[in-house]
Amino acid sequence: MADTLTPVAENKCFGGWHKRFRHASAVLDCTMTFAVFLPPQAEGGARVPVLYWLSGLTCTDENFMQKAGAMRLAAELGIALVAPDTSPRGDGVPGDPDGAWDFGHGAGFYLNATEAPYDRHYRMHDYVVHELPALVEEALPVSDRRSVSGHSMGGHGALVCALRNPGRYRSVSAFAPIVNPTQVPWGEKAFSRYLGPDRDRWREWDACALLAEAPERLPLLVDQGGGDSFLNTQLQPEALRDAAAAAGHPLELRQQPGYDHSYYFIATFIDDHLRHHAAALTG
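Residue positions within a chain follow its written sequence, with the count starting from 1. Given that the model is predicted, a residue must reach a pLDDT of at least 70 before its local features are reported, and side-chain atom pairs must reach 80 or more before they are shown or counted; all residues, however, enter totals for whole chains, interfaces and linings. Excluded from the side-chain calculations are hydrogens and water; all other atoms, namely the structure's heavy atoms, are used.

Visitor: Please give an account of the overall build of the chain that cites residues and values.
Guide: Strands here mean DSSP runs of E at least two residues long; helices mean DSSP runs of H or I at least four residues long; both are numbered from the N terminus. The number of helices and strands found in the chain is ten helices and nine strands. Its C-alpha atoms put the chain at 50 × 40 × 35 Å along the principal axes. Type-normalised accessible area, obtained with a 1.4 Å probe on protein chains alone, sets the label of each residue: buried when under 20%, exposed when over 50%, and partly exposed for intermediate values. Split into buried and exposed, the 283 residues of the chain put 58% on the buried side. Note on definitions: a residue-residue contact is assigned when non-hydrogen atoms from the two residues lie within 4.5 Å. Long-range pairs, those at least 24 residues apart, make up 72% of the contacts in the chain with a sequence separation of at least 6.

Here it is in structure tokens:
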């Protein structure tokens, strides 16, 4: 499997290496690109734990690596960072028929689509949970000690990946996640097209619904900016607070006054999240 990775770029950074790779994904039936930061502790083949980062709507693997400011502390902590793309792409991959930014290319929502024509390619859940980790763990000096985090649509993805796959991750966190996608416009648009009209099937990809029967109680760390323009219409973190309280699930929901939905917000608090994950990955 290792020889299926095609190098795209590499940059020395904080004693480690930022690298981009391209590969043919069997799960998504298209070519995918992802980025990885290997800390200096990975030199010589030593295997280091990994934080998988899932980005939000319109993003690619590059947004987090270039804007979050995560590599300095990741190098100190000895944690690799892996950032996949946010959706399948390519000429044969259907997007939004009207070219909208909140569906299709750049908006895979980290689920497994069941509705044509999206079911052939839009299986981002299986890609980020299974195919991509198997690939990087075989080809790169990283271990199977995994954590997951993300932002907005990717925050939704991180929560759902952890809740649906007990034992797969050591820790989970999110920035401004779409916590209750079955009840907000972004989620309703995506789920109706990817999953069809049956709302009961949507609940399988909704963090608030999954909390009620989660067999594992990984503590959730969530940061939400109080100045986020999507706060009330799309994010609604109080729904996650209520669902966690009802289920008795540990949640630290931090409201950060004045912060918006941008990477300025993420860069401000990313160190807290890296330390949260390091305690589980290396402690």
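Next comes the rest of the description.
Visitor: Describe the pattern of salt bridges, and please don't skip the residues or the numbers.
Guide: Only one rule defines a salt bridge in this text: a Lys or Arg side-chain nitrogen within 4 Å of an Asp or Glu carboxyl oxygen. Considering all chains together, one arrives at 16 salt bridges under this definition. For Glu-62, the salt bridge goes to Arg-20, with nearest N and O atoms at 3.7 Å. With Glu-62 in helix α1 (residues 61-67) and Arg-20 in strand β2 (residues 16-25), this pair connects stretches of sequence that are 42 residues apart. A relative accessible area of 17% places Arg-20 in the buried class. Note that Asp-272 and Arg-254 form a salt bridge whose closest N and O atoms lie 2.9 Å from each other. Remark: Arg-254 occurs in strand β9 (residues 251-256) and Asp-272 occurs in helix α10 (residues 263-281); sequence separation between them is 18 residues. A relative accessible area of 33% places Asp-272 in the partly exposed class. In the salt-bridge network here, residues are joined through shared partners; they are Asp-96, Asp-102, Lys-189 and Arg-193.

Visitor: How would you explain the nonpolar core if you had to name every residue and give the values?
Guide: To define a nonpolar core, start from buried Ala, Val, Leu, Ile, Met, Phe, Trp, Tyr and Cys residues and group those joined through side-chain atoms within 4.5 Å. Counting residues in each nonpolar core, the largest one holds 94 residues, and the members touching the most others are Phe-34, Phe-64, Leu-81, Phe-109 and Tyr-194. Looking at which element gives the most residues to this core, the answer is α10, with eight residues. Phe-109 has contacts with Leu-57, Thr-86, Asp-102, Met-153, His-156, Ile-178, Trp-186, Gly-187, Ala-190, Phe-191 and Tyr-194, leaving out every residue within four places of it along the chain.

Visitor: Any details on the pairing of strand β3 (residues 30-38)? Residues and values, ideally.
Guide: Along any regular strand, the residues point their side chains to alternate faces of the sheet. Most of β3 is tucked away: eight of the nine residues are buried. As defined by bridge partners, β2 adjoins β3 across nine bridges and the pair is classed as antiparallel. For His-23, the partnering residue across the bridge sits in β3 and is Met-32. Two strands make a pair as long as DSSP finds a minimum of two bridges between them. Taking the residues that link successive antiparallel strands as the turn, the β2-β3 hairpin has four residues, and the phi of Asp-29 there is positive, at about 55 degrees. Pairing of β3 with strand β5 (residues 80-84), which is carried by four bridges, proceeds in the antiparallel orientation.

Visitor: An account of helix α5 (residues 185-195) is needed here, citing residue identities and associated values.
Guide: Buried residues of α5: Trp-186, Gly-187, Ala-190, Phe-191, Tyr-194 and Leu-195, and no others. Considered in projection along α5, the buried side chains sweep an arc of 105 degrees and stay on one side of the axis. Close packing links the buried residues of α5 with α4 (153-164), α6 (199-202) and α8 (231-235). Looking one or two places after α5, you find Gly-196, whose phi comes out positive at around 95 degrees. The arc in question is traced by the directions running from the helix axis to the C-beta atoms.

Visitor: Explain helix α9 (residues 237-247) residue by residue, including any values.
Guide: When α9 is considered as a whole, its buried residues turn out to be Pro-237, Ala-239, Leu-240, Ala-243, Ala-244 and Ala-247. Across the axial projection of α9, the buried residues extend over an arc of 150 degrees, all falling on one side. Every exposed residue of α9 that faces more than 90 degrees away from the buried side is listed here: Ala-245 and Ala-246. Positive backbone phi, approximately 70 degrees, marks Gly-248, located one or two places after α9.

Visitor: Residues and numbers for unusual backbone geometry, please.
Guide: In this chain, Ala-116 is followed by Pro-117 through a cis amide linkage whose omega measures 0 degrees. Examined against the element boundaries, Pro-117 turns out to sit in the loop between β5 and α3 (124-139). Here Gln-236, not a glycine, exhibits a phi torsion of approximately 50 degrees, which is positive. Tracing the chain through its elements places Gln-236 in the loop between α8 and α9.

Visitor: I'd like a rundown of the packing of aromatic side chains, residues and numbers included.
Guide: The rule is short: rings of Phe, Tyr and Trp, with Trp giving its six-membered ring, pair when the centres are within 6.5 Å, and they are stacked under 30 degrees, edge-to-face over 60, tilted in between. Considering all chains together, one arrives at 16 aromatic pairs under this definition. With 4.3 Å between their ring centres and 15 degrees between their planes, Trp-53 and Phe-64 make a pair best called stacked. Of this pair, Trp-53 sits in strand β4 (residues 48-54) while Phe-64 sits in helix α1, and the two are eleven residues apart along the sequence. Here Trp-53 and Phe-64 have matching classes, each one buried. Joined through ring pairs, the aromatic side chains of Trp-53, Phe-64, Phe-175, Tyr-259, Phe-265 and Phe-269 make up one cluster. Any Lys NZ or Arg CZ that is within 6 Å of a ring centre and within 35 degrees of that ring's normal is treated as a charge sitting over the ring. One residue, Arg-164, lies across the ring of Trp-205, its end atom 3.7 Å from the ring centre. Between Arg-193 and the ring centre of Phe-103, over which it is positioned, the NZ or CZ distance is 4.9 Å.

These results come straight from atomic positions and should not be treated as a statement about function.
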